[in-house]
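For reference, the chains in residue letters:
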Amino acid sequence: MTVQRARIRWNGAAVRGRTREGAVRGLLLGAEHLLAASRAEVPLDEGTLERSGAASVDESSLTAAVSYDTPYAVRVHEDMTARHSPGRKAKYLENPARREAGQIAAIIAAQVRRALRA
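My aim in this report is to walk through the structure given alongside it, one point at a time. (Residues numbered from 1 in each chain as written. Predicted model: local features only at pLDDT ≥ 70, side-chain atom pairs only at ≥ 80, totals over all residues. Heavy atoms only, no water.)

What to know about the pattern of salt bridges
For the coordinates displayed, the defined rule picks out 6 salt bridges. The partner of E94 in a salt bridge is K91, with the nearest N and O atoms 3.3 Å apart. We note a salt bridge from E94 to R98, for which the minimum N-O separation is 3.0 Å. Within this pair, E94 and its partner R98 are both found in helix α4 (residues 94–99), separated by 4 residues, close to a single helical turn. Assessed through its relative accessible area of 62%, R98 is described here as exposed. Residues joined by salt bridges that share partners form a network here, namely E41, K89, R99 and E100. (Salt bridge = Lys/Arg side-chain N within 4 Å of Asp/Glu carboxyl O. Helix = DSSP H or I, 4+ residues; strand = E, 2+ residues; numbered from the N terminus. Buried < 20%, exposed > 50% of the residue type's maximum accessible area, 1.4 Å probe, protein only.)

Describing the side chain of S38
Mapped onto the elements, S38 comes out in helix α1 (residues 12–39). Engagement of the side chain of S38 in a polar contact is seen with the backbone oxygen of L35, the distance being 3.0 Å. Setting aside residues up to four positions removed in sequence, S38 forms contacts with Y68, Y92, L93 and P96. (Polar contact = N/O pair within 3.5 Å; in protein donor to acceptor, adjacent residues only side chain to side chain. Contact = heavy atoms within 4.5 Å.)

Focus: unusual backbone geometry
Unlike most non-glycine residues, L62 shows phi in positive territory, near 50 degrees. Tracing the sequence through the fold places L62 in the loop between β1 (53–58) and β2 (63–68). With a relative accessible area of 31%, L62 lands in the partly exposed category. Although it is not a glycine, K91 adopts a positive phi angle of roughly 60 degrees. Along the chain, K91 falls in the loop between α3 (73–78) and α4. Accessibility expressed as a relative area gives 16% for K91, which makes it buried.

This is the structure:
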């Protein structure tokens, strides 16, 4: 019976750093994916609401956000009685967020994996 020995060097700080970098990148790409999906459903009048959409990441807390910045964005999002053009609707952010959750998680995971391979 042959005994084999192996020496392993664990660079925990480097692994944590790369993991965090991958997570930040994945969060941004995931938020941008959601922004694109929601822009396809946001009600249009003059396009101001659609253009106000933005994706952002808070690196310190590892959270991402998609927001629409007009005084009426929340009202338009929540008003289920309003009429909109075909394909455009209320809940233009909530519905895509639910529908795309799996894809967004896959985007984040792929970026973490990619960062760990580097």
